[in-house]
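# Architecture and fold: a report
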Amino acid sequence: MGVILQAEALCKFYGTGTQQVKAVNCVDLEIMQGEFVAIVGKSGSGKSTLLHMLGGLDRPTSGHVRIRGVDIYRPGEDARTVFRRRKIGFVFQAYNLVSSINVWENIVLPLGLDGKKIDEPYVEELIDTLGLRERLYHLPCALSGGQQQRVAIARALVTRPDIVFADEPTGNLDSRTSDEVVTLLKASAQKFGQTLVIITHDEDIAQMADRTILLEDGEVVRL
Ligand SMILES: Nc1ncnc2c1ncn2[C@@H]1O[C@H](COP(=O)(O)OP(=O)(O)O)[C@@H](O)[C@H]1O
Ligand SMILES: [Mg+2]
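Below is a summary of the structure that appears in this document. Counting starts from 1 at the beginning of each chain's written sequence and moves along it residue by residue. Following the order in which they are written, the chains are lettered starting with A and the ligands numbered starting with 1. With the structure being a predicted model, the display of local features is reserved for residues of pLDDT at least 70 and the display and counting of side-chain atom pairs for 80 or more, all residues being used for whole-chain, interface and lining totals. Hydrogens are left out, water is left out, and the side-chain values use all remaining heavy atoms of the structure.

Another point: the overall build of the protein. Helix and strand counts for the protein stand at seven helices and 10 strands. Using C-alpha atoms as the atom set, the radius of gyration is obtained and then compared with a globule rule of 2.2 Å times the number of residues to the power 0.38. For 223 residues, the compact-globule estimate of 2.2 N^0.38 gives 17 Å, and the protein sits close to it at 17 Å. The dimensions of the protein, computed from C-alpha atoms along their principal axes, are 55 × 40 × 35 Å. Every residue pair with non-hydrogen atoms within 4.5 Å of one another is taken to be in contact. Across the protein, the fraction of contacts at a sequence separation of at least 24, relative to all contacts at a separation of at least 6, is 71%. Methods summary: accessible areas were calculated by the Shrake-Rupley approach with a probe of 1.4 Å, and residue burial reflects only the protein chains presented. Counting only carbon and sulfur atoms, one obtains 49% of the accessible surface of the protein, whose full area is about 10500 Å². Under this rule, positive means Lys or Arg and negative means Asp or Glu; His and the chain ends count for nothing. Charge positions are represented by NZ for Lys, CZ for Arg, CG for Asp and CD for Glu. For the protein, the centre of its 25 positive side-chain charges and the centre of its 29 negative side-chain charges are spaced 5 Å apart. Every helix listed is a DSSP run of H or I at least four residues long, and every strand listed is a run of E at least two residues long, numbered separately from the N terminus.

Encoded structure:
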């Protein structure tokens, strides 16, 4: 298995002069295809900023992000949007489901945005893997937090991304539900050969990862 994701001298600075915040300060890292990596560190250590840059959501001040050797900040903004939708899935702490449409419609939404056909067998398998079969025609408001996050995970995986990024995906869930959700996320990623990068505060979840990257003041202190 090769390197899928690479950061080289990656920096994000906010402000200037004495007010400058080095949110991410010269980070180098490599993540292998199929790997499950947990990013940990105190609040304010730069985890979200790093994840957003790795996922194509936020342009670095300097440095490079390469996915399969391609610098994702080279092409223009539009190219990056398309690239992101096809190759990368995101899961956030707030589930960000569309409240007016049902579970099935939320899950397949990214396919519509991308003008792609629904691969029914794959979507069905995803639904079963995440235990959402009984809830397909419910609105998000009729679901528990754990169920809503599982819908958000299905939505992130529906485009068959190579890499799934999750920023504290269990931040709003109790510890038992957190373990359950991450176990399902890990199982799906393994089943479909996806690379998983999760920011977490939860020691149990970090334990499930193949490797932990520790950030302190914008710098990697353990790879
Ligand atoms: N848009 C922004 N403008 C100014 N400072 C920011 C911005 N986003 C993040 N920061 C600062 O960068 C640092 C890292 O933030 P963040 O990546 O959100 O940390 P974490 O996710 O580890 O809690 C913090 O000091 C934060 O205040
Ligand atoms: Mg954060």
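Here a residue counts as near a molecule or strand whenever at least one of its heavy atoms sits within 4 Å of it. The local shell around ligand 1 consists of Y14, V21, A23, K42, S43, G44, S45, G46, K47, S48 and T49. Nitrogen and oxygen atoms within 3.5 Å of one another constitute a polar contact, given that in protein one can donate a hydrogen and the other can accept it, and given that sequence-neighbouring residues count only through two side-chain atoms. Between S45 and ligand 1, the recorded distance is 3.2 Å, taken from a backbone N or O atom to an oxygen atom. Considered on its own, ligand 1 offers 570 Å² of accessible surface; in the complex 57% of this is hidden by protein. Sorting the residues of the shell around ligand 1 by element identifies strand 2 (21–32) and helix 1 (47–54) as the ones contributing at least two each. Looking at the shell around ligand 1, the element that brings in the most residues is helix 1, giving three residues.

Two numbers describe how helix 3 (residues 103–113) lies on helix 5 (residues 145–157): the axes approach to 7 Å, and their chain directions differ by 30°. Here helix 3 is positioned roughly parallel relative to helix 5, judged by the angle of their axes. As for how helix 3 packs across helix 5, the hand of that crossing is right-handed. For the pair helix 3 and helix 5, contact is made by V103, N106, I107 and P110 and by V151, A154 and R155, respectively. Residue classes follow a fixed rule: Ala, Val, Leu, Ile, Met, Phe, Trp, Tyr, Cys and Pro count as nonpolar, while Asp, Glu, Lys and Arg count as charged, and any other residue, Gly among them, counts as polar. For the contact of helix 3 with helix 5, the class distribution of residues is five nonpolar, one polar and one charged. Comment: axis = line fitted to C-alpha atoms, over the contacting stretch for helices; angle = value between 0 and 180 degrees taken between N-to-C directions. Any angle that falls under 35 degrees is termed roughly parallel, while one over 145 is termed roughly antiparallel, one within 65 to 115 roughly perpendicular, and all others oblique. Left-handed is the label given to a crossing in which the near helix is rotated counterclockwise from the far helix by less than a right angle, and right-handed is the label when the rotation is clockwise.

Two strands qualify as a pair provided that DSSP identifies no fewer than 2 bridges between them. Spatial strand order, 6-7-8-3-9-10: six strands in an open sheet with mixed pairing. Only two strands of the sheet have a single neighbouring strand rather than two, namely strand 6 (88–91) and strand 10 (219–222). In this sheet, adjacent strand axes meet at a mean angle of 25° when their direction is disregarded. By the bridge criterion, four bridges tie strand 3 (residues 36–40) to strand 8 (residues 195–199) in an arrangement that is parallel.

This paragraph deals with the pattern of salt bridges. Any carboxyl oxygen of Asp or Glu that lies within 4 Å of a side-chain nitrogen of Lys or Arg is treated as forming a salt bridge with it. Within the structure shown, the criterion is met by 10 salt bridges. A salt bridge links R211 to E35; the shortest N-O distance between them is 2.8 Å. In this pair, R211 sits in strand 9 (residues 211–216) while E35 sits in the loop between strand 2 and strand 3, placing the two residues 176 residues apart along the sequence. The class for E35 is buried, based on a relative accessible area of 13%. Notably, a salt bridge pairs R133 with E124, separated by 2.7 Å at the nearest N-O pair. Counted as one network, the salt bridges with shared partners bring together R68, K87 and D162. Each residue gets one of three labels from its accessible area relative to the maximum for its type: buried under 20%, exposed over 50%, partly exposed in between, using a 1.4 Å probe on protein chains only.

As a further point, take the packing of aromatic side chains. Each Phe, Tyr or Trp ring (for Trp, its six-membered ring) is paired with any other whose centre lies within 6.5 Å, and the angle between the two planes then decides the class: stacked below 30 degrees, edge-to-face above 60, tilted in between. The full count for this structure, using the stated rule, is three aromatic pairs. Ring centres of F90 and F92 lie 5.5 Å apart, and the angle between their planes is 5°; this geometry places the pair in the stacked category. A residue is classified by how much of its surface remains accessible, and F90, at 15% relative accessible area, is buried. For the pair Y122 and F192, a centre-to-centre distance of 4.9 Å together with 75° between the ring planes defines the contact as edge-to-face. Of this pair, Y122 sits in helix 4 (residues 120–129) while F192 sits in the loop between helix 6 (175–191) and strand 8, and the two are 70 residues apart along the sequence. Judged by relative accessible area, which is 3%, Y122 ranks as buried.

Once that is clear, we can look at the sheet that holds strand 2. Overall, antiparallel pairing links the four strands, which are arranged 2-1-4-5 in an open sheet. Because the sheet does not close on itself, it has two edges, and the strands there are strand 2 and strand 5 (70–71). Note: strand 1 (residues 3–14) against strand 4 (residues 62–67), five bridges, orientation antiparallel. Along strand 4, the bridge assignment pairs E8 with H64. In the packing of helix 1 onto the sheet, contacts are made with strand 1, strand 2 and strand 4, and the angle to strand 1 comes to roughly 125°.

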